[in-house]
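Per-entry structural report
So you can see what is in the structure, the chains are spelled out below.
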Amino acid sequence: MQFINPATLYDPRPNGYTHVVIAEAPARLVYIAGQGGEDVNGVLSEDFATQVEQALANLRAALQAADATLAQVAKVTALIVDHDEARLAIFSTALRAAWADAPPPACTLIPVPRLALDGMLFELEATAIASLLADKI
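Now for a description of the structure that goes with this document. Remember, predicted model here, so these are calculated numbers, not experimental data. (Residues numbered from 1 in each chain as written. Predicted model: local features only at pLDDT ≥ 70, side-chain atom pairs only at ≥ 80, totals over all residues. Heavy atoms only, no water.)

**Observations concerning helix 1 (residues 48-65)**
Helical geometry: 3.6 residues make up each α-helical turn, so side chains three or four residues apart lie on a common side. Filter applied, for reference: Numbering of helices and strands starts at the N terminus; helices are DSSP runs of H or I of at least 4 residues and strands are runs of E of at least 2. An expected span of 1.5 Å times one less than the residue number is assigned to each helix. Only protein chains enter the area calculation, which uses a 1.4 Å probe; residues under 20% of their type maximum are buried, those over 50% are exposed, and those in between are partly exposed. As used here, the arc belongs to the directions running from the helix axis to the C-beta atoms. Identification of polar contacts relies on pairs of N or O atoms within 3.5 Å, with a donor-acceptor requirement for protein atoms, meaning one able to donate a hydrogen and the other able to accept it, and with residues adjacent in sequence counted only if both atoms are side-chain atoms.
Over its 18 residues, helix 1 extends 26 Å from the first C-alpha to the last, a length consistent with the 26 Å expected when each residue adds 1.5 Å. Taken residue by residue, helix 1 has F48, Q51, V52, A55, L56, N58, L59 and L63 as its buried positions. Looking straight down helix 1, one finds its buried side chains confined to an arc of 160°; they lie on one side. Along helix 1, exposed side chains directed more than 90 degrees from the buried face belong to Q64 and A65. The residue sitting at the N-terminus of helix 1 and contributing the capping side-chain oxygen is D47; that oxygen lies 3.4 Å from the backbone nitrogen of A49. The first or second residue beyond helix 1 is D67, which carries a positive phi of 60°.

**Some thoughts on the sheet that holds strand 5 (residues 106-112)**
Formally: Only when DSSP finds a minimum of two bridges between them are two strands counted as paired. To get an axis, fit a line to the C-alpha atoms, keeping to the stretch in contact for a helix; angles then go from 0 to 180 degrees between the N-to-C directions. By definition in these notes, contact holds between two residues if any of their heavy atoms fall within 4.5 Å.
Strand order in the open sheet made by the four strands is 3-6-4-5, with mixed pairing throughout. Since the sheet does not close on itself, it has two edges, and those belong to strand 3 (28-36) and strand 5, each with one partner. Going from strand to strand, the sheet's axes swing by 10° on average, the running direction of each strand aside. Seen against the sheet, helix 1 touches strand 3, strand 4 (73-81) and strand 6 (122-130) and runs at an angle of roughly 150° to strand 3. Contacting strand 4, strand 5 and strand 6, helix 2 (residues 85-99) crosses the sheet at an angle of about 155° to strand 4.

The structure is reproduced here in structure tokens:
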């Protein structure tokens, strides 16, 4: 994949994402349903940051089930209940940490009034481009 941040757009890297991601075919497309902050027992923390970290752990588990990695994620969509600058900072920090040295994916953040479950504050869906070859990073 090619990750591009045009000089004519602001630098999104401090927020943990890339403006443009180009994926060349052939490849396996992996669509990950929205992952919330619930643990394996379906329990949600009341803390936003904890839900973000759990959702990222859930995303990693879903990708692993598809034989893919975070480095192969081209696009994420984040849904945040009661979005504000503080929640954006928590989310951006978590994205930067999760992707570490790998190029971050394209990202759309959508503020929402509520999600599927009572107490659910965060949800993250992803699309990964997994090579047909075993060249995952």
